[in-house]
Amino acid sequence: MYDIDKIKAQWSRQRPDLDTEPMALIGRITRLSAHLSEEMGKTFARHGLNGPSFDMLATLLRSGPPHALSPNQLLETMMVTSGTMTNRIDQLEKDDLVTRVRNPDDKRSVLVQLTGKGQKIIDAAVTDHVETQKKLVAGLSGEERGNLNALLRTYLTTFEAD
């Protein structure tokens, strides 16, 4: 593990003409992201899932009954290519976590629907995921979490403005 402040100080000595404050901020965000991803990945793995499979199953679950969406609807929410989406659906279908069903509103298309097994797994995984996330933010007070959330929301709008 490395100390971001030490790296920042080294750059200040080598290149005092550079403002390295953004480097420190982005370094911390990047390190936090890695830690968070690692811990959440452990939770997903306990349920036989990885991040992408969890995301797809959770998207289907939160869509509400009948827990089915078209591949295009999944594409809109998951921000991946259609080829990647097809591969993910194929793998989840092979594992009996989703099935393709005829779209009742358009007989030419299909919906991707959670199977009973898929719903059972994602229900348990979501419960554990929420507990993992609570543990991951437990080091911050409620006020600190609120302030950090507000700051990050503002920062994200610089990239994701409507």
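Residues numbered from 1 in each chain as written. Predicted model: local features only at pLDDT ≥ 70, side-chain atom pairs only at ≥ 80, totals over all residues. Heavy atoms only, no water.

**Regarding the sheet that holds strand β3 (residues 106-114)**
Put simply, the rule is: For two strands to be treated as a pair, DSSP must find no fewer than two bridges joining them. Strands here mean DSSP runs of E at least two residues long; helices mean DSSP runs of H or I at least four residues long; both are numbered from the N terminus. By definition, residues are in contact when any of their heavy atoms lie within 4.5 Å. Between the N-to-C directions of two axes lies an angle of 0 to 180 degrees, each axis being a line fitted to C-alpha atoms and, for a helix, fitted only over the stretch in contact.
Taken in spatial order, the three strands make up an open sheet running β1-β3-β2, and their pairing is antiparallel. One side of each edge strand has no neighbouring strand; the edge strands of this open sheet are β1 (68-69) and β2 (98-103). In this structure, β2 lies alongside β3, joined through six bridges in antiparallel fashion. Within β3, the residue paired with R102 across the bridge is V110. On the sheet, helix α3 (residues 51-62) packs against β1, β2 and β3 and is oriented at approximately 110 degrees with respect to β3.

**Some remarks on the nonpolar core**
Rules: We define the nonpolar core as a collection of buried residues of types Ala, Val, Leu, Ile, Met, Phe, Trp, Tyr and Cys that are connected through side-chain atoms lying within 4.5 Å of one another. Buried residues are those whose accessible area, probed at 1.4 Å on protein chains only, stays under 20% of the maximum for their type, while exposed residues exceed 50% and partly exposed ones sit between those limits.
Core analysis: the largest hydrophobic core is formed by 21 residues, its most contacted members being L49, M56, L57, L60, L74 and I122. Elements with a minimum of two residues in this core: α2 (21-46), α3, α4 (71-78), α5 (82-94), β3 and α6 (116-137). The leading source of residues in this core is α3, at six residues. Excluding residues within four positions of it along the chain, L74 makes contact with M56, T59, L60, L69, M85, I89 and V112.

**Quick look at the pairing of β3**
Examined bridge by bridge, β1 and β3 share two bridges and lie antiparallel to one another. Following the sheet pairing, A68 is matched in β3 by Q113.

**Some thoughts on the packing of aromatic side chains**
For clarity, the threshold we go by: Only centres within 6.5 Å qualify two rings of Phe, Tyr or Trp (six-membered ring in Trp) as a pair; their planes then separate them into stacked at under 30 degrees, edge-to-face at over 60, and tilted for everything else.
The final tally for this structure, using the stated rule, is two aromatic pairs. Considering the side-chain rings of F44 and F54, the 4.3 Å spacing of their centres and the 20 degrees angle between planes classify their relative orientation as stacked. Remark: F54 occurs in helix α3 and F44 occurs in helix α2; sequence separation between them is ten residues. F54 carries the same exposure label as F44, and that label is buried. Each ring, one from Y155 and one from F159, has its centre 5.5 Å from the other, and the planes form 70 degrees; the classification is edge-to-face. Taken as a pair, Y155 and F159 lie in helix α7 (residues 142-160) at a separation of four residues, close to a single helical turn. Take Y155: its relative accessible area is 34%, and that puts it in the partly exposed class. Of the residues examined, F159 reaches a relative accessible area of 60% and is grouped as exposed.

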